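Next come the chains, spelled out residue by residue.
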Amino acid sequence: MTRFRCSCTLLASLLTLPACGDDVGSSGSETAGVTGQPTTNNPTSNSTMTNPTTGSSMSEATSNPSGTGSDSDSETSAPTSTGMVDPTTTTSGGLPKLDVGVEETTDGGTTGEEVGCRKVDFLFIIDNSGSMGDEQQSLIASFPGFISAIQSQLDEAQDYHIMVIDTDHWVFGGCELICGLFGNTCPVAGLDYTCGTPPLECEDVLGAGVTHPRGLQSSSKDCNFSTGLRYMDITEPDLTSAFACAAQVGTGSTDDPEKPMEAMVQAVAPNGPAFECNTGFLRKDAILVVTFVTDEDDNFGDGSAGNPAGWKASLVAAKKGDEKALVVLGLYGDNDQPNAICPPLVDSSGAEPSPRLREFVDSFGDQGISGSICAPSYDSFFAEAVGLIESTCDDFVPPPM
């Protein structure tokens, strides 16, 4: 829930202006895909968010659940060797490597097909609305244990990409509606924004990786990833600190309402502005682990376009139809469930019941895990996730390169 809705309503009543920040949904009936993809001013794959743009225009685009069109799986040079090895090779400690093998046939022969992943792409979608301060800190606190378990349990899969996205087009997207009323300032954005300042490159693209969080309660600094790109990898000298910088996306969003699922779809789309911003993140020979953290349901007409079936189709298409290459993790409101932890969403505490988000996670069956966003710690949630990621990695059959 954003503070911006309340601020705009008060201003409207005082100054007899039309209310701003009203929830606006997509027109027409629900569709399988997601529309509303923005355009940007030719972002490059090596952007570090240091060159301001002059703003970007908005245009309508539709995600491609069928996976046709341009190839969304771009490759970057891996810092470590990713060549296939003999599955009988042992680790330095003399133990057999468990994550890569050769698939056996029923007659005892082998198919010659390598089984197991060496690469994992982690996508985190984090709500940056006004009620999310504590939840972002809980996520940041749980990350070191999570990534440490990944590093120790996924023996062969030590080549990973980690990208954070938030849930709006631009954190200051609503400021221009009220700037003229407050001496060329945007009160709901704090001191982090001067009216008329254009967004940084890719900063106003829904689904683009966050490299410089801004706004209230954000880290408010350039995270300066070692990749020089919009995601982290194993070359990061202090991965925990880099993740903490990016994941503290703040609570100052003025672009209402939140669109976590639409942001996810745009981040993995096979083309468009977010694809151009995120070049190199998504790899065809990696499993994809998607984690979203939000305290509001993504309701039709009050958030993302599309529906749970369409959101799933977009993810599956990003992995070229291989649903078993996906792990989906959701932290959201559970107060429509037995033994719920979350109280009702009031101001900055509690959460909304989230049946649409639950339907989305449940549609992945054993490949999806849900947790309560109101839990005092996310450690047990991520400990369970590591086991699922490990088994998914073990069973993964990389596509032909």
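Above this text sits the structure in question.
Residues numbered from 1 in each chain as written. Predicted model: local features only at pLDDT ≥ 70, side-chain atom pairs only at ≥ 80, totals over all residues. Heavy atoms only, no water.

**Student:** Just give me the short version of the overall build of the protein, but keep the residues and values in it.
**Tutor:** Along the backbone of the protein there are eight helices and eight strands. Residues classed as buried in the protein amount to 54% of the 401 residues present. By sequence separation, contacts in the protein at least 24 residues apart represent 77% of the contacts at least 6 residues apart. For the protein, the exposed area adds up to about 16000 Å²; of that, 53% sits on carbon and sulfur atoms. (Helix = DSSP H or I, 4+ residues; strand = E, 2+ residues; numbered from the N terminus. Buried < 20%, exposed > 50% of the residue type's maximum accessible area, 1.4 Å probe, protein only. Contact = heavy atoms within 4.5 Å. Areas by Shrake-Rupley, 256 points an atom, 1.4 Å probe, with all protein chains shown as cover.)

**Student:** Give me the state of the cysteines: which residues, what numbers.
**Tutor:** By the definition in use, this model includes six disulfides. Here Cys 223 connects covalently by a disulfide to Cys 245, the sulfurs 2.1 Å from one another. Looking down the S-S bond of the Cys 223 and Cys 245 bridge, the torsion is -90°, so its handedness is left-handed. Of this pair, Cys 223 sits in the loop between strand S4 (159-165) and strand S5 (232-233) while Cys 245 is found in helix H3 (residues 239-247), placing the two residues 22 residues apart along the sequence. Judged on exposure class, the residue Cys 223 and its partner Cys 245 are both buried. There is a disulfide in this structure between Cys 342 and Cys 374, and the S-S distance comes to 2.0 Å. Residues Cys 342 and Cys 374 are joined by a disulfide whose S-S torsion is about 110°; by sign, that bridge is right-handed. Remark: Cys 374 occurs in the loop between strand S8 (368-372) and helix H8 (379-395) and Cys 342 occurs in the loop between strand S7 (326-332) and helix H7 (355-362); sequence separation between them is 32 residues. Cys 342 sits in the buried class, given a relative accessible area of 7%. (Disulfide = S-S within 2.5 Å.)

**Student:** Explain the packing of aromatic side chains to me, and be specific about the residues and the numbers.
**Tutor:** Scanning the entire structure with this criterion turns up 14 aromatic pairs. With centroids separated by 6.1 Å and ring planes inclined at 70°, the aromatic side chains of Trp 311 and Phe 360 adopt a geometry described as edge-to-face. Of this pair, Trp 311 sits in helix H6 (residues 308-318) while Phe 360 sits in helix H7, and the two are 49 residues apart along the sequence. Judged by centre distance (5.4 Å) and plane angle (85°), the ring pair of Phe 360 and Phe 364 falls under edge-to-face. Here Phe 360 and Phe 364 have matching classes, each one buried. Through pairs of rings, three or more aromatic residues link up here, namely Phe 292, Trp 311, Tyr 332, Phe 360 and Phe 364. (Phe/Tyr/Trp six-rings, centres within 6.5 Å; stacked < 30°, edge-to-face > 60°.)

**Student:** Break down H8 for me, citing the residues and quoting the values.
**Tutor:** Given 3.6 residues per helical turn, the α-helix brings residues three or four places apart onto the same face. When the terminal C-alpha atoms of H8 are compared, their 25 Å separation across 17 residues agrees well with the 24 Å that a helix rising 1.5 Å per residue should span. Residues Phe 381, Phe 382, Ala 385, Val 386, Leu 388, Ile 389, Thr 392 and Cys 393 constitute the buried set of H8. On its buried face, H8 sits against strand S3 (119-126), helix H2 (133-153), strand S6 (287-293), S7 and S8. (Expected span 1.5 Å × (residues − 1).)

**Student:** Quick one: what's the story with the sheet that holds S5, residue by residue and with numbers?
**Tutor:** Taken together, six strands build an open sheet; the order of strands is S5-S4-S3-S6-S7-S8 and the sheet is mixed. Here the strands that pair on one side only, and so sit at the sheet edges, are S5 and S8. Pairing of S3 with S6 involves seven bridges; the strand directions are parallel. What sits directly across from Ile 125, in S6, is Phe 292. Across the sheet, helix H4 (residues 260-268) is in contact with S3, S4 and S6; its angle to S3 comes to roughly 145°. (Pairing = 2+ DSSP bridges. Axes fitted to C-alpha atoms, helices over the stretch in contact; angles between N-to-C directions.)

**Student:** Could you give me a rundown of the nonpolar core, with the residues and numbers involved?
**Tutor:** By size, the foremost hydrophobic cluster in this structure holds 50 residues, and its most contacted members are Phe 122, Phe 124 and Ile 162. If you list the elements that add at least two residues to this core, you get S3, H2, S4, H3, S6, S7 and H8. Residue contacts for Phe 124: discarding those within four places in its chain leaves Leu 139, Phe 143, Phe 146, Ile 162, Met 163, Val 164, Ile 165, Phe 243 and Thr 291. By size, the runner-up hydrophobic cluster in this structure holds 29 residues, among which are Ile 125, Ile 165, Leu 326 and Phe 364. (Core = buried A, V, L, I, M, F, W, Y, C linked by side-chain atoms within 4.5 Å.)

**Student:** Report on the environment of Lys 320, specifying residues and quantitative values.
**Tutor:** Following the sequence through the fold, Lys 320 ends up in the loop between H6 and S7. As for Lys 320 and Lys 284, which are separated by 36 residues in sequence, their C-alpha atoms are 8.1 Å apart.

**Student:** Which residues make up the pairing of S6, and what values go with them?
**Tutor:** Burial analysis of S6 places seven of its seven residues in the buried class, which makes it a mostly covered element. Relative to S7, S6 is paired through six bridges, and the arrangement is parallel. Opposite Val 289, over in S7, you have Val 327 as the bridge partner.

**Student:** Give me the lowdown on the pairing of S8, citing residues and values where you can.
**Tutor:** Most of S8 sits out of view: four of its five residues are buried. When S7 meets S8, the two strands line up parallel, connected through five bridges. Across the sheet, residue Leu 331 finds its bridge partner in S8, namely Gly 371. The β-α-β motif built from S7, the intervening H7 and the parallel element S8 has right-handed crossover chirality. (Right-handed = clockwise from strand over helix to strand, strands pointing away.)

**Student:** Residues and numbers for the pattern of salt bridges, please.
**Tutor:** Under the criterion given, the structure shown has six salt bridges. Note that Arg 283 and Asp 121 form a salt bridge whose closest N and O atoms lie 2.8 Å from each other. On the criterion of sequence distance, the pair formed by Arg 283 in the loop between helix H5 (273-277) and S6 and Asp 121 in strand S3 is long-range, its members being 162 residues apart. Of the charged contacts, one joins Arg 283 and Asp 159 as a salt bridge, the two residues approaching to 2.9 Å between their closest N and O atoms. Taken together, the residues Arg 283 in the loop between H5 and S6 and Asp 159 in strand S4 connect sequence positions 124 residues apart. Asp 159 matches Arg 283 in its accessibility class, with the two residues each being buried. (Salt bridge = Lys/Arg side-chain N within 4 Å of Asp/Glu carboxyl O.)

**Student:** Residue-level account of the packing of H2 against H3, with values.
**Tutor:** The geometry of H2 relative to H3 is characterised by a closest axis approach of 10 Å and an angle of 155° between their N-to-C directions. Classified by the angle between their axes, H2 and H3 sit roughly antiparallel to one another. Taken as a pair, H2 and H3 cross one another with a handedness that is right-handed. Counted together, Gln 136, Leu 139, Ile 140, Phe 143, Pro 144 and Ile 147 of H2 and Leu 239, Thr 240, Phe 243, Ala 244 and Ala 247 of H3 form the full contact between these two elements. Grouping the constituent residues of the contact of H2 with H3 by class yields nine nonpolar, two polar and no charged. (Parallel < 35°, antiparallel > 145°, perpendicular 65-115°, else oblique. Left-handed = near helix turned anticlockwise from the far one by under 90°. Nonpolar A, V, L, I, M, F, W, Y, C, P; charged D, E, K, R; others polar.)

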